[in-house]
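Each chain, letter by letter, is given below.
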Amino acid sequence: MPGTLRRTRSILDFALASLLRRKGRNAALLGVYTLVVFVAASLVFFTQAVKREAHQVLADAPGLVVQRTLAGRQDLVPLAWADWVRGLRGVRSVRPRWWGYYYDGAFGANFTVQASEDAALPAGSARIGAGAARILRVKEGDLITLRGHDNLPLLLTVQGILSSDSELVASDLLLLPREDFQTLFGLPPDQATDLAVDVANPRELPTLAAKIAERYPEARPILHSEILRTYDAIFDWRGGLLVAVLMIAVLCFAIFAWDRAAGLSAEERREIGILKSIGWETSDVLLLKLLEGLAVSLTAFLSGCVLAYGHVFLFSAPLFEGALKGWSVLYPRYRLVPVVDGYQLSLLFLLAVVPYTAATLIPGWRAATVDPDAAMRS
Amino acid sequence: MIEVANVTKTYHAGRPNAYTAVDGVSLAIERGRLTVLKGPSGSGKTTLLSLVGCMARPSSGRIHLRGVKAAGLPAAGGALEITSLPERFLTEIRRATFGFIFQHFNLIKGVSTLENVMLPAYPLGGDPAALRRRAGELLERFGLSRHAREPIDRLSGGELQRVAIARALVNDPAVLIADEPTAHLDSHLSEAFMALMGTFKEGGRTLLIASHDPLVYDSPLVDATHELRDGRLCGKASA
Amino acid sequence: MGRRGRWHGGLAAAILALPLAAGQAPSAREKCPVCGMFVAKYPDWMAVLRFKDGSALAFDGPKDLFTAYLDLKRYAPGRSPADVAAIEVKDYYSLRVVDGFRAVFVIGSDVAGPMGRELVPFAEAGDAAAFLKDHRGRRSLRFGEVTAAVLRSLP
Amino acid sequence: MRRSDLFLGLLALQLGLFLAMLVYARRAGRGVDPGVAECRRWVAELRLTDLCLFTEARYTRNPALADLHTPFQDHPTALEHFPSGTLVAPPPHLTSPHAWHPAPNPKHP
Amino acid sequence: MIQQPGVLALLAASALVAAFLALAAGFGLRILRRWDLRSGSDLQLALERETYLVSTLVAFALAAEVVSLFLFVFTADGLHGRFAGAMCAAGTLNAAPGGYATLLLKVANCLLAGVWLILNHADTRGYDYPLIRAKYAFLLVLAPLVWVEAFLAFRYFTGLRAEVITSCCGSLFSQGQGGLAGDLAAWPERTAMAVLAAVLGALFVAGGVLLRTGRGGYAFGLLSGLAFLAGTASLVSFVSVYLYELPTHHCPFCCLQAEYGHVGYLLYGTLLGGGIAGLGTGALMPFRRRASLAAALPALQRRLVLAALLAFGLFALVVAYQVATSSLRLGP
């Protein structure tokens, strides 16, 4: 065994020497490769982390949200529904929610306005999310003006700003007392946006949803598990789409690698001929080519993953911010809790290292089977 | 040591560009002697060297090696028949038995002198420190120590050949094969080369040189000469 | 929990009866004396058997509690049904701890507990009847009606 | 110093960083992150249902509560709204009536 | 079809491996038909060179298969949230036809590719290519299996639709359920333990005999195969139960998760390694009398036997440790 090990190390020595001799080209290859791994790994890390974050953060979300649809669009829910739902077995509480969107043309931001049940929030005051405060450039005690449905301005004193730790769920929130919410949007008093239902035993949720849907055909109950599944689906589905796009990049890269390995220069061909003439065997040359490939792909894989880790978890994925933000101006500042597991790593390995190795396999073999006497006959 | 019986080598057999480089050659090379293959270029000398040196397999005929140690191979009456062995085994025999000095030196550019000398031993998996020492000693013996760390590109023709010789010796082969060794040397260096061959012969190595340089085949060190023309032996072997 | 808990699991199981305050959640390491599962993983199904001396056994479901209660010789040697001070089970709908002696249990429903088919406990007979209808239950039983034969009918 | 030693050292360094990243991620995943705890508090208090990642439209701000017939979101595979629209697909419960959910199976670890 | 990064990567890898084996099989067919060692013709030289390519291709395929085997289980495990009723990989694999078949074929192909590489290694030790026909005939069997696997994987993943109601491992691997999985789970624990102990015991005896006398290689190979099967079956039947300390939980996938210290990798890794080495030993037996292998083969077989015994021994130790330290007591 030590013989095999020493042979591998000696051949590795030579593999590195031959990589170093073509510094420029191999550095370019390594750079592109690392970049591909970096982008793929960033994407995978980011989507997995957001998925898990969503699961953790939304663990205490309502067990069931009951909406009403009118001609296929979401509509206000009559408060009478709440009373009926409250009477169902297993329901612990039913809390109507009043919330909506408010577009502020001056700042170009889309805020989420929600009525707060907090008694400590007197009429004429508001509590706002950290991102909203940033956009509006206000601090505690300042005044903000919202334009009501009746075109009258609604003046609110900022009574508090939500902590920056909560930005992932509350960055764009404007929390208003219920009266102000109703004034702002002119909501009928006996209706709410939707109902948040909590149950003691989550096992009972599907049964409850079925009962509600049966009683109110226009109701749309959304289960807690469906909310969580939405985030899985979002980041798997379109994450997969991006990976499909990325795979084209990987493919291009593999073709590049193939070309690079197949288009051996006369110089390299001569070198392999020399090696074979001085006593290297086909499998030695194959090993040489394999080690050359591994040296590049392992370096690229490891550094790409580590860089992606830094990008996503230390710097909150600034490269994706543009894509996630869209044309909105509000973007939460958050730090994701690192998630790296075997699934992601074996996925990245399969996506990054395997195609490259595959692409260089046959050219490597072709190079390795140069006739040993070719060097003599040249 | 080496017996070549009725060996033919045809390249591209069955195709329009088929070409028989060696045609029915039989000869014997004896241990500890200096044998020269002479003939004009294109006469099949190089091909015959590559057949004898286990680099290629003949299209027909037999080559037997005597006194070669090879694990896992059958040796009938001490002679090893190498004509139909897989490349893997041919390589194993080759690197244990033969050292090659090529016409164009065949050194690898961009790699240091020392490493060039060590290269043939890499696949053997021997102790790297011992190998380095051995290569260093060889370089010292040929007066190349000060170039050990330099890339090969900066060396002169004579130095290059001495590096090539050092490389041929690094696995301590029983047979040295040289193909047109003096083609790129001036007379002075060619004589020095032959003197060196003389010391190897005294050291007990078998030498096989292909050349059309009179300085080589007329040298008093030569024990036997075989003349090749158009792939066939012509005339009697002179001993 | 998980692995770390397991290394100490043997220790915890050795101490069979632990004092549990009323309604108090069992420790993460406490295991069901019948099947050996971690009780804390299934808080919704937890059932507790309290003895008069203050000690208690926690189970991961009413089924295992009944298995033990009907065979105390085996699961709590040296004790008899007369030593039992209270039985606590969790009402399916409210998940509140209720008195097991007075609870109603539904069997044969489509709701499965950690050990498969379960006796689903209810504080109120009305709840049990509604559950029986919603979840296609077979029948509801009072505490005294639960026998070894009933347990055997629950795989 | 051989080249292979240098390279293996470099590789070991990278591998070390890589493993450190794994170990750190596992440890970070185990404890409760203060940010996560704060978010959970607000989710519980305000009965929130969604992350505030994309705020440009209502179906991206609250993807789990999106309408079946939101403008632009007329086909699941349409790239209706480029940047975040590529990330946000209609929630799965839109495509099938959730009321037919089967009773959940027994939980296991 | 579910567009998930893992699924895409798996399909791409399957396609790649299938293509590579198609290539290898093509070369194999050519070698089987045209091989003539006595000839020094260009064709023969080209064929000999192709053997290097084929072994490289198969080695690559094995490596890719092993990585994708893990990714397959990970992906199936990660997807369970998308299917109502699925709680781990076991449920996801049941959500569309072909899930289990793909997994089983993946495992079988890993084993076969491993054995092929062992044959190939032995072949390169002989100066007259002693196994050349056997190994390429074998390759022609292996390649269609890989194609079937790729096809099944494709069908499985395209057949996956979210919202499919599936059974989770709780119902799949529970007693009283029909089918192979249910039967395995219903296997009485003591019988399963006894069978595993007997097979492993016999394996060690056979290994000892083989090491000492060089006889009984076929028996050893057969027993290795049996030990692989018995080991897998015992994982479903009783090891899982002790491992999870849940008397009803027979899932063979949960043990891969962090909660159980990833002990599943050790168990499956040792089983797979032991199976490959043991079956390889058996597969080499017919060639022992070849003159060209007389020197090399016994040494190779010894190494393989030692490796197989080491792997299965480790497996047995881990299982014994799990059972001994588990605080689960079964049944009334």
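Rules of the game
Residues numbered from 1 in each chain as written. Chains lettered and ligands numbered in written order. Predicted model: local features only at pLDDT ≥ 70, side-chain atom pairs only at ≥ 80, totals over all residues. Heavy atoms only, no water. Helix = DSSP H or I, 4+ residues; strand = E, 2+ residues; numbered from the N terminus. Rg over C-alpha atoms; globule rule 2.2 N^0.38 Å. Buried < 20%, exposed > 50% of the residue type's maximum accessible area, 1.4 Å probe, protein only. Contact = heavy atoms within 4.5 Å. Areas by Shrake-Rupley, 256 points an atom, 1.4 Å probe, with all protein chains shown as cover. Axes fitted to C-alpha atoms, helices over the stretch in contact; angles between N-to-C directions. Parallel < 35°, antiparallel > 145°, perpendicular 65-115°, else oblique. Left-handed = near helix turned anticlockwise from the far one by under 90°. Nonpolar A, V, L, I, M, F, W, Y, C, P; charged D, E, K, R; others polar. Core = buried A, V, L, I, M, F, W, Y, C linked by side-chain atoms within 4.5 Å. pLDDT = per-residue confidence, 0-100. Buried area = accessible area lost by both parts, 1.4 Å probe. Salt bridge = Lys/Arg side-chain N within 4 Å of Asp/Glu carboxyl O. Polar contact = N/O pair within 3.5 Å; in protein donor to acceptor, adjacent residues only side chain to side chain. UniProt positions renumbered as here; feature names shortened; annotations may be inferred. Pairing = 2+ DSSP bridges. Domains from an automatic or database assignment. Disulfide = S-S within 2.5 Å. Patch = residues over 30% accessible without salt bridge, like charges linked within 9 Å, V, L, I, M, F, W, Y side chains within 5 Å. Phe/Tyr/Trp six-rings, centres within 6.5 Å; stacked < 30°, edge-to-face > 60°. Lys NZ or Arg CZ within 6 Å of the ring centre and 35° of its normal.

Participant: Just to check I follow, could you spell out the overall build of chain A for this structure?
Facilitator: Broken down by element type, chain A carries 13 helices and 13 strands. Computed over its C-alpha atoms, the radius of gyration of chain A comes to 30 Å, more than 25% above the 21 Å expected for a compact globule of 378 residues. If one aligns the C-alpha atoms of chain A with their principal axes, the spans along those axes are about 95 × 45 × 40 Å. Taking all 378 residues of chain A together, the buried fraction comes to 63%. By sequence separation, contacts in chain A at least 24 residues apart represent 79% of the contacts at least 6 residues apart. Here chain A has roughly 13,800 Å² of accessible surface; of this, 62% comes from carbon and sulfur atoms.

Participant: Help me understand the overall build of chain C in this model?
Facilitator: On a plain count of helices and strands, chain C comes out with five helices and ten strands. Taking the contacts inside chain C whose residues are at least 6 apart along the sequence as the reference set, 60% of them involve residues at least 24 apart. For chain C, the computed accessible surface area is about 6,700 Å², with 55% contributed by carbon and sulfur atoms.

Participant: Teacher, can you tell me more about the packing of helix 4 (residues 99-125) of chain E against helix 11 (residues 296-325) of chain E here?
Facilitator: When two helices pack together, their arrangement is captured by the angle between the axes and the distance separating the axes. All names here are of chain E. Viewed as axis vectors pointing N to C, helix 4 and helix 11 meet at an angle of 150 degrees, and their least axial separation amounts to 10 Å. Between helix 4 and helix 11, the interaxial angle falls into the category roughly antiparallel. Read as a crossing pair, helix 4 and helix 11 show a hand that is right-handed. Here helix 4 contributes Ile-118, His-121, Ala-122 and Arg-125 to the contact with helix 11, which in turn contributes Ala-296, Leu-297, Leu-300, Arg-303 and Leu-304. A breakdown of the residues in the contact of helix 4 with helix 11 according to their chemical character gives six nonpolar, one polar and two charged.

Participant: Looking at this structure, how should I read the nonpolar core?
Facilitator: Grouped burial of nonpolar side chains is what soluble globular proteins tend to show. Formed by 284 residues in total, the largest nonpolar core has its most connected members in A:Phe45, A:Phe46 and A:Trp280. A:Trp280 has contacts with A:Ile11, A:Phe14, A:Leu275, A:Val285, A:Leu288, B:Thr91, B:Arg95, B:Leu119, B:Pro120, B:Tyr122 and B:Pro123, leaving out every residue within four places of it along the chain.

Participant: Whenever I open this one, the confidence of the model for chain C confuses me. Can you help?
Facilitator: The predicted coordinates ought not to be read in detail in places where the model reports low pLDDT. Residue and element names in this part refer to chain C. For chain C, per-residue confidence averages 78 on the pLDDT scale, and residues scoring 70 or more make up 79% of the total. Confidence over residues 1-23 falls short of pLDDT 50; this stretch has 48 contacts with residues more than four positions distant or in other chains. Per the prediction output, this complex has pTM 0.82; the corresponding ipTM is 0.79.

Participant: Please explain the interface of chain A and chain D as it appears in this structure.
Facilitator: In many reports, interface size means the accessible area that the parts give up when they come together. Listed as interface residues are 92 residues of chain A and, on the opposing side, 72 residues of chain D. In this assembly, chain A packs against chain D so that about 7,400 Å² is buried in total across both faces, 64% of it on carbon and sulfur atoms. In this structure, the connection of chain A to chain D is made through four salt bridges. Where D:Arg40 meets A:Asp60, a salt bridge forms, and the shortest distance between an N and an O atom there is 3.2 Å. Where chain A meets chain D, there are 21 residue pairs in polar contact (both at pLDDT 80 or more). By residue number, the principal contributor to the side of chain A that touches chain D is helix 8 (residues 224-262) of chain A, which donates twelve residues. Split by residue class, the side of chain A that touches chain D holds 56 nonpolar, 17 polar and 19 charged.

Participant: So what exactly am I meant to see when it comes to the UniProt feature "transmembrane region" (unreviewed entry) in chain A here?
Facilitator: When the UniProt feature table is mapped onto this chain numbering, "transmembrane region" (unreviewed entry) sits at residues 27-46, 239-258, 294-315 and 336-356 of chain A. For residues 27-46 of chain A, the helix share is 100%, the strand share is 0%, and the end-to-end C-alpha distance is 28 Å.

Participant: What is the right way to read the pairing of strand 12 (residues 194-199) of chain A from this model?
Facilitator: Both faces of the sheet carry side chains from a regular strand, because those side chains alternate between them. Residues and elements named next belong to chain A. Within strand 12, six of the six residues are buried, which leaves it mostly tucked inside the rest of the structure. Residues Asp-194, Ala-196 and Asp-198 line one face of strand 12 and the alternating positions Leu-195, Val-197 and Val-199 line the opposite face, and both faces are buried. In this structure, strand 1 (residues 64-70) lies alongside strand 12, joined through three bridges in antiparallel fashion. Each residue of the ladder has a partner; that of Leu-64, found in strand 12, is Val-197. In this sheet, strand 12 lies alongside strand 4 (residues 91-97) in antiparallel orientation, the contact comprising six bridges.

Participant: Whenever I open this one, the domain arrangement of chain A confuses me. Can you help?
Facilitator: Residues and elements named next belong to chain A. For chain A, the assigned domains are domain 1 (2-58 + 230-377) and domain 2 (64-222). The gap between the C-alpha centroids of domain 1 and domain 2 is 48 Å. Summed over both partners, the interface of domain 1 with domain 2 comes to about 850 Å²; 72% of that surface belongs to carbon and sulfur atoms. Broken down residue by residue, the surface that domain 1 buries against domain 2 is led by Val-329, Leu-330 and Arg-333, which jointly contribute 62%.

Participant: Could you clarify how one ought to interpret the state of the cysteines in this entry?
Facilitator: Disulfides are covalent bonds that link the sulfur atoms of two cysteine residues. Residue and element names in this part refer to chain D. Taken as a whole and judged by the stated rule, the model has zero disulfides over all chains. Here Cys-52 is not disulfide-linked; the sulfur of Cys-39 is the nearest cysteine sulfur, at 9.9 Å. The exposure class of Cys-52 is buried, given its relative accessible area of 1%.

Participant: Explain the pattern of salt bridges to me, please; I cannot follow it from the model alone.
Facilitator: One side chain can pair with another of opposite charge once the charged atoms of both are near each other. Applying the stated criterion to the full structure yields 41 salt bridges over all chains. Here B:Glu159 makes a salt bridge to B:Arg146, at a shortest N to O gap of 3.8 Å. Residue B:Glu159 is found in helix 5 (residues 157-169), and its partner B:Arg146 is found in the loop between helix 4 (128-141) and helix 5; the two are separated by 13 residues along the sequence. Given a relative accessible area of 13%, B:Glu159 falls into the buried group. For B:Arg146, a relative accessible area of 63% puts it in the exposed group. Linked through salt bridges whose partners overlap, the residues forming this network are A:Arg21, A:Arg22, A:Arg25, A:Glu268 and A:Glu271.

Participant: In this structure, what is going on with the sheet that holds strand 9 (residues 224-229) of chain B? I would like to understand it.
Facilitator: Each strand in a sheet pairs with its neighbour through backbone hydrogen bonds, running either in the same direction (parallel) or in the opposite one (antiparallel). Residue and element names in this part refer to chain B. Here we have six strands laid out as an open sheet, ordered 6-7-8-3-9-10, and mixed in their pairing. Where the open sheet ends on each side, the last strands, each with one partner, are strand 6 (98-101) and strand 10 (232-233). Pairing of strand 3 (residues 34-38) with strand 9, which is carried by four bridges, proceeds in the parallel orientation. Within the sheet, the bridge partner assigned to Lys-38 lies in strand 9 and is Glu-227. Docked against the sheet, helix 2 (residues 87-97) engages strand 6 and strand 7 (175-179), running at close to 75 degrees with respect to strand 6.

Participant: What is the right way to look at the sheet that holds strand 6 (residues 104-107) of chain C in this model?
Facilitator: Residues and elements named next belong to chain C. An order of 9-6-10 is seen for the three strands of this open sheet, with the pairing classed as antiparallel. Edge strands, defined here as strands with exactly one partner in the open sheet, are strand 9 (120-122) and strand 10 (139-142). Along the sheet, successive strands turn relative to each other by an average axial angle of 30 degrees, direction set aside. Pairing of strand 6 with strand 9 involves three bridges; the strand directions are antiparallel. Bridge pairing links Val-106 to Val-120 in strand 9.

Participant: Can you help me understand the pairing of strand 2 (residues 47-51) of chain C in this one?
Facilitator: Residues and elements named next belong to chain C. With five of five residues buried, strand 2 lies mostly within the body of the structure. Side chains Ala-47, Leu-49 and Phe-51 of strand 2 all project onto a buried face; the interleaved residues Val-48 and Arg-50 project onto the opposite face, where all are buried too. As paired elements, strand 2 and strand 3 (residues 55-59) share four bridges and run antiparallel to each other. Residue pairing in the sheet places Val-48 in a bridge with Ala-58 of strand 3. With four bridges connecting them, strand 2 and strand 4 (residues 84-90) associate as antiparallel partners. Along strand 4, the bridge assignment pairs Arg-50 with Ala-86.

Participant: How should a nonpolar patch on the surface be read in this particular structure?
Facilitator: Nonpolar side chains collect at one region of the surface, where E:Leu222, E:Leu226 and E:Leu229 lie side by side and expose about 310 Å² of accessible area between them. Relative to the assigned elements, E:Leu226 resides in helix 9 (residues 217-244).

Participant: Is there a simple way to think about the side chain of C:Ser55 in this case?
Facilitator: Tracing the sequence through the fold places C:Ser55 in strand 3. A polar side-chain atom of C:Ser55 sits 3.4 Å from a polar atom in the side chain of C:Arg79.

Participant: Which parts of the structure should I look at to understand the packing of aromatic side chains?
Facilitator: The description of an aromatic ring pair rests on the distance of the ring centres and on the angle between the ring planes. A complete count under the given rule lists 36 aromatic pairs over all chains for this structure. Taking 5.6 Å as the distance between ring centres and 65 degrees as the angle between the ring planes, the aromatic pair formed by A:Phe14 and A:Trp280 counts as edge-to-face. With a gap of 266 residues between them, A:Phe14 in helix 1 (residues 2-21) and A:Trp280 in the loop between helix 9 (266-277) and helix 10 (282-314) connect regions that are remote in the sequence. Within the aromatic cluster, the residues linked to one another by ring pairs are C:Phe66, C:Tyr69, C:Phe101, C:Phe105 and C:Phe143. The residue whose ring lies beneath D:Arg41 is D:Trp42, and the NZ or CZ to ring-centre distance is 5.1 Å.

Participant: Looking at this structure, I do not really get the side chain of A:Thr34. What am I missing?
Facilitator: Mapped onto the fold, A:Thr34 is located in helix 2 (residues 23-57). Once residues within four sequence positions are removed from consideration, A:Thr34 is found in contact with A:Ala300, A:Ser303, A:Gly304 and A:Leu307.

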